[in-house]
Amino acid sequence: MAPEEGGLGRKITIGVCVMEKKVKCGSEVFSAPMAQILERLEAFGEFEIICFGDKVIVEDSIESWPLCDCLIAFYSSGYPLEKAEAYAALRKPFLVNELEQQHLLHDRRKVYERLEMFGIPVPRYALVNREVPCQELDYFVEEDDFVEVHGMRFWKPFVEKPVDGDDHSIMIYYPSSAGGGMKELFRKIGNRSSEFHPEVRRVRREGSYIYEEFMPTGGTDVKVYTVGSEYAHAEARKSPVVDGVVMRNPDGKEVRYPVLLTPTEKQMAREVCIAFRQAVCGFDLLRCEGRSYVCDVNGWSFVKNSHKYYDDAACVLRKMFLDAKAPHLSSTIPPILPWKVNEPIQPCEGLTRQGSGIIGTFGQSEELRCVIAVIRHGDRTPKQKVKLKVTEERLLNLMLKYNGGRPRSETKLKSAVQLQDLLDATRMLVPRTRTGRESDSEAEDFEHAEKLRQVKAVLEEGGHFSGIYRKVQLKPLKWVKVQRSNGEGEEERPIEALMVLKYGGVLTHAGRKQAEELGRYFRNNMYPGEGTGLLRLHSTYRHDLKIYSSDEGRVQMSAAAFAKGLLDLEGPLTPILVSLVSKDSSMLDGLDNASIEMEAAKARLNEIITSSVKPENGNGLSEFPWMVDGAGLPSNAFQLLPKLVQLTKKVTEQVKLLVMDEDEKLSSTGSYDVIPPYDQAKALGKTIIDVDRIAAGLPCGSEGFLLMFARWRKLERDLYIERKERYDITQIPDVYDSCKYDLLHNAHLNLEGLDELFKIAQLLADGVIPNEYGINPMQKLKIGSKIARRLLGKLLIDLRNTREEAIGVAELKNNQDEHTKPTKAAKDDTDYQLKPQTKNDDGRRSSTTSEKSMDQDDDDDKETKYRLDPKYANVRTPERHVRTRLYFTSESHIHSLMNVIRYCNLDESLQGEDSLVCHSALERLYNTKELDYMSYIVLRMFENTEVPLEDPKRFRIEMTFSRGADLSPLENDSQAASLHQEHTLPIMGPERLQEVGSYLTLETMEMMLRPFAMPAEDFPPPSTPQGFSGYFSKSAAVLERLVNLWPFHKHGHANGK
């Protein structure tokens, strides 16, 4: 029989029927969260705490268990839950967490079923139930890049969870186009919470699993802790998905930061409490694309290391116990909490701000609000293409196999299975030994065999297939009619097809190292410091980071490597890429919009180079050398072309001899396989050279001598077309590219004449490359605005949204300052009490209409809801927030954007306006012939908080650029020499585009760039994400929603515990 309830002279007894490890932490009895809260409850003087202890719980009968008014009981390892249920049925105490419902938490299937029953959003999922291990199921299908359950398809990346809630081995499988592999998440072991396994590509079949779509949240897990249905505390933690390294503070505790829940999320917390009848309950929240989802419910959980939370939890539990057992007693919070009576008052610390660390200092009243960077990818291998006509039946049948049997339709081969089929067919067709040309009946047969051998070598390169490095097109050219196999009529059959193999352009070890180093530079120099600078901002949800990339693999991997350096991540790039980088090909890829103008520019460029007539300065501005048509071309360009061709032939002949030497070695072993095998996937994880290949006298990276020869031979043939006696100047950048690559990566091969060839190619390329984007400033502006129109529009949206958000925060702060501060008692009450939310079925599954942005392509207006909770955070400037937008792209978009920025004032609509770029910077840009690998343009926006909101000078724009890694491989200084040994080049530091002391307002910048930018209303509305194809499946319209709005600390996201 329970004791008499709530008498004035008797304390309410609270029974703590849990395993001792949940109350104590080593020898320090009150170091655990549970003990901290119980101590506070006792301090009220209204409660008596009775701890049952392990011996009583496990060994004694329930009849001899202590009597209590209220019972705290929850399952943990070794806990007899059924026994506790029997005790509760016998004594009928008030239960904080009901016991019967705790059985649900051990089965993830029942958890999801319960969540859905109460209308709580969960990720899209499907169940695979097996009665015995490895049981084959007709409703379960697994292919290379997806699984299908009952017809529901889950494209990689997807998540695989055991149905057993106590099994924490959760897997994430990545698509082959992102490098493949699997990441295993597990309970924290030391400083690790996950492990990446690049070789694992097939799912488990040992038991029953839940499959659900991977939800990109920008590297953040949100853990929510309820104490009753009206109180919820949330913390962001670094997700195990990205690199699996647990961030710990100096005391060894996992680093977490409190965040604010949205109204919708508060309602979800209330409903989780009610659904599982667990007043004290923890659950995992995923924030993705402006919506929130519950992916796991843990049951009894307390926040660790938060005294403010302990205070709140004690107050909420006190009210809960009094309402249940002594409703006649007041549950009003006393003005000073009992355990704080003797605490000294802490003095307030002054706020401090530091300088920008890049262009010098900025005023004490200025705050950095936005960092926007457009960045070129890192060092890559030369891009290559092989074209050959094929008539072999094996290859024609392969084309029919993958184009649906349509004789006139082309097919593209990119998947691992398709490329393996092609390799198998090619191996059957390539002769095992190579005969001399003189023994072939025709030179064409020899040429065809050589190209097939090249195709085979390309396909064998890399260890395993990855669609971002190699793709093959097969296009039918000729057909004949043949009798059908069943004898009924005729059908068409292809007899000849064009095979086009594209490969190369892969990020090198040097490119990855460059990107990672630049990320570190940004972390240390682009953000004002506050303790640990950017990482501190990022970890407290005050840093809003989104990273975009074009469709090219080298660009995406550069973005991932940069993110690794920026956020101080560890481990492979694939999980970082999938978690943090969004693909937007429509904004960062392609030259189609300006193809006609670029062809015209190239034609005019060819005319200038091959003509002896010096171009006129049509603008009459002779003091500005960049205004001349073809500015930057050497005056003797045409005389340099024969020398360029001669030296190219010289280098090609030397590489040919290296191929012949390799042939002899291979012939002597009777094998013609590519040696040694090279794993491109492992290479992506390297930032150092492959010493063994260099020592063996082989080319650096995955390129063998055969492919190296094919590269140079193609340049030799295309640069000068002998039968037409004509130079093709569009090949000059490719010759320069190959020279620079081999000087940097293959200097150990000692190719004679390569140094001289590089110098001539560089002279010509420095003139040709900038002029391909416009032969004069007006044409550069026209072409640039067409190529970068969408990107420019997005940059203006970023700046506008930052301004609107900053003004909103300032207005809110001003309004708060005008109101009288509440009393401490009222403040404490509002700190822990959340008003009940009105249930709204639509609101549970999506953000409210009022939260949606006016700009359909950008949901940044919703970003103010994902913020640090200043009540709980030990942060000096909780109101400070910084938006970072990083756009990774190729050379064309860097040139185009720079041309619009520096020449926008030449447009007739802006006549009379000064350039956004100062004169000295225009001169520097003219002398900057190349925007090399990792070149970048940075816009930083500052807010002057002492200037009125309506004053244009409230927001200032600072523009800088870097030439990238444009140091010549032939430089002889000591720093360059040491870097050459690592096959890399340093990245040049940022340079000003404005005079020191000048003031470019956001208003002026918008006015100057708006005529060339896509209007915000032209950006397409959001669409539902499709299956993952290539690196990212998301359409351009929803890429803004791919990364969590205010991501935590340094890392990825997890769909698991």
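In case you missed it, the structure is sitting above this.
Residues numbered from 1 in each chain as written. Predicted model: local features only at pLDDT ≥ 70, side-chain atom pairs only at ≥ 80, totals over all residues. Heavy atoms only, no water.

## Overview of the sheet that holds strand 9 (residues 158-162)
Phase 1 of the analysis: Strand order in the open sheet formed by six strands is 5-13-9-10-11-12, and the pairing between neighbours is antiparallel. On the outer flanks of this sheet lie strand 5 (125-128) and strand 12 (192-197), each paired with one strand and no other. Sheet twist, expressed as the average angle between the axes of neighbouring strands with direction ignored, equals 20 degrees.
Phase 2 of the analysis: In the sheet, strand 11 (residues 182-189) pairs with strand 12 via five bridges, with the strands oriented antiparallel. (Pairing = 2+ DSSP bridges. Helix = DSSP H or I, 4+ residues; strand = E, 2+ residues; numbered from the N terminus. Axes fitted to C-alpha atoms, helices over the stretch in contact; angles between N-to-C directions.)

## Focus: the side chain of Thr-381
Phase 1 of the analysis: Within the secondary structure layout, Thr-381 lies in the loop between strand 19 (366-376) and strand 20 (383-390).
Phase 2 of the analysis: A relative accessible area of 18% means that Thr-381 is categorised as buried.
Phase 3 of the analysis: Looking at Thr-381, its side chain comes within polar contact range of the main-chain nitrogen of Gly-505, at 3.0 Å. (Buried < 20%, exposed > 50% of the residue type's maximum accessible area, 1.4 Å probe, protein only. Polar contact = N/O pair within 3.5 Å; in protein donor to acceptor, adjacent residues only side chain to side chain.)

## Concerning the pairing of strand 14 (residues 220-227)
Phase 1 of the analysis: For strand 14, the tally of buried residues reaches eight of eight residues, placing the bulk of the element in the interior.
Phase 2 of the analysis: Strand direction decides the pairing type here: strand 14 and strand 15 (residues 232-238), joined by seven bridges, are antiparallel. Across the sheet, residue Tyr-225 finds its bridge partner in strand 15, namely His-233.
Phase 3 of the analysis: If you look at the hairpin formed by strand 14 and strand 15, you'll find four residues sitting between the two strands, and Gly-228 has a positive phi there, around 80 degrees.
Phase 4 of the analysis: With six bridges joining them, strand 14 and strand 17 (residues 280-288) adopt antiparallel strand pairing. Along strand 17, the bridge assignment pairs Val-222 with Leu-285.

## Looking at the nonpolar core
Phase 1 of the analysis: Grouped together as the largest cluster of nonpolar side chains are 47 residues, with contacts concentrated most on Tyr-887 and Met-959.
Phase 2 of the analysis: Counting residues per element, the ones that place at least two in this core are strand 19, helix 14 (585-588), helix 23 (789-818), helix 26 (891-903), helix 27 (919-927), strand 29 (936-944), strand 30 (955-962) and helix 29 (1002-1009).
Phase 3 of the analysis: Contact partners of Met-959, with chain neighbours within four places excluded, come to Ile-901, Leu-916, Val-917, Val-938, Leu-939, Glu-991, Arg-992, Leu-993, Gln-994, Leu-1000 and Met-1005.
Phase 4 of the analysis: Counting residues in hydrophobic clusters, the runner-up holds 45 residues, among them Met-708, Trp-712, Leu-754 and Ile-760. (Core = buried A, V, L, I, M, F, W, Y, C linked by side-chain atoms within 4.5 Å. Contact = heavy atoms within 4.5 Å.)

## Some words on a positive patch on the surface
Phase 1 of the analysis: On the surface, Lys-385, Lys-387, Lys-412, Lys-414, Lys-471 and Lys-502 cluster together to form a positively charged patch.
Phase 2 of the analysis: Turning to its location among the elements, Lys-385 is positioned in strand 20. (Patch = residues over 30% accessible without salt bridge, like charges linked within 9 Å, V, L, I, M, F, W, Y side chains within 5 Å. Areas by Shrake-Rupley, 256 points an atom, 1.4 Å probe, with all protein chains shown as cover. Salt bridge = Lys/Arg side-chain N within 4 Å of Asp/Glu carboxyl O. Lys, Arg positive; Asp, Glu negative; His and termini not counted. Charge placed at Lys NZ, Arg CZ, Asp CG, Glu CD.)

## A short note on the sheet that holds strand 6 (residues 140-142)
Phase 1 of the analysis: Pairing in this open sheet of three strands is antiparallel, and the strands run 6-7-8 from one edge to the other. Looking along the sheet, the strands with just one partner apiece sit at the ends: strand 6 and strand 8 (152-155). When strand polarity is set aside, the average angle formed by the axes of neighbouring strands in this sheet is 15 degrees.
Phase 2 of the analysis: Across four bridges, the pairing between strand 7 (residues 146-149) and strand 8 is antiparallel. Looking at the pairing, Val-149 lines up with Met-152 of strand 8.

## What to know about the state of the cysteines
Phase 1 of the analysis: Per the counting criterion, the structure on display carries zero disulfides.
Phase 2 of the analysis: Just so you know, Cys-68 is unpaired, no disulfide at all, and the nearest cysteine sulfur is the one on Cys-70, 7.4 Å from it. (Disulfide = S-S within 2.5 Å.)

## Remarks on the packing of aromatic side chains
Phase 1 of the analysis: The tally for this structure, following the rule as stated, stands at 26 aromatic pairs.
Phase 2 of the analysis: The interplanar angle of 75 degrees and the centroid separation of 5.3 Å between the aromatic rings of Phe-522 and Tyr-936 together place this pair among those described as edge-to-face. Taken together, the residues Phe-522 in helix 10 (residues 509-525) and Tyr-936 in strand 29 connect sequence positions 414 residues apart.
Phase 3 of the analysis: An angle of 50 degrees between the planes, with centres 6.2 Å apart, marks the rings of Trp-626 and Tyr-926 as tilted. Pair noted here: Trp-626 is in the loop between helix 15 (595-610) and helix 16 (637-669) and Tyr-926 is in helix 27, with a separation of 300 residues, a long-range link.
Phase 4 of the analysis: Relative accessible area serves as the criterion here: at 23%, Tyr-926 is assigned to the partly exposed category.
Phase 5 of the analysis: An aromatic cluster is built from Phe-74, Tyr-231, Trp-300, Phe-302, Tyr-309 and Tyr-310, whose rings are joined through pairwise contacts.
Phase 6 of the analysis: For Arg-124, the ring lying beneath its charged end belongs to Phe-154, and the centroid distance is 4.3 Å.
Phase 7 of the analysis: Geometry around Tyr-999 places Lys-953 over its ring, the cationic atom sitting 5.7 Å from the centre. (Phe/Tyr/Trp six-rings, centres within 6.5 Å; stacked < 30°, edge-to-face > 60°. Lys NZ or Arg CZ within 6 Å of the ring centre and 35° of its normal.)

## Considerations on the pattern of salt bridges
Phase 1 of the analysis: All chains considered together, the criterion is met by 55 salt bridges.
Phase 2 of the analysis: Put simply, Arg-270 and Glu-230 hold a salt bridge, and the shortest N to O gap is 2.2 Å. Note that Arg-270 is positioned in helix 5 (residues 263-276) and Glu-230 in the loop between strand 14 and strand 15, a separation of 40 residues in sequence.
Phase 3 of the analysis: Under the relative-accessibility criterion, Glu-230 is labelled partly exposed at 26%.
Phase 4 of the analysis: Beyond isolated ion pairs, a larger network of salt bridges with shared partners links Asp-544, Lys-794, Asp-798, Glu-805, Arg-883 and Arg-885.

## Let's talk about unusual backbone geometry
Phase 1 of the analysis: For the bond from Lys-156 to Pro-157, the omega torsion is 5 degrees, close enough to zero to count as cis.
Phase 2 of the analysis: Relative to the helices and strands, Pro-157 resides in the loop between strand 8 and strand 9.
Phase 3 of the analysis: A positive phi angle is found at Met-934, which is not glycine, with a value near 65 degrees.
Phase 4 of the analysis: Assignment of secondary structure puts Met-934 in the loop between helix 27 and strand 29.
Phase 5 of the analysis: We classify Met-934 as buried; its relative accessible area is 0%.

## Considering the packing of helix 12 (residues 553-566) against helix 13 (residues 573-580)
Phase 1 of the analysis: Following both chains from N to C, one finds helix 12 and helix 13 inclined at 95 degrees, their axes separated by 9 Å at the closest point. Considering their axes alone, helix 12 and helix 13 lie roughly perpendicular with respect to each other. Residue-level inspection shows Gln-556, Met-557, Ala-560, Ala-561, Ala-563 and Lys-564 of helix 12 in contact with helix 13, the latter providing Leu-573, Ile-576, Leu-577 and Leu-580.
Phase 2 of the analysis: In terms of residue class, the contact of helix 12 with helix 13 is made up of eight nonpolar, one polar and one charged. (Parallel < 35°, antiparallel > 145°, perpendicular 65-115°, else oblique. Nonpolar A, V, L, I, M, F, W, Y, C, P; charged D, E, K, R; others polar.)

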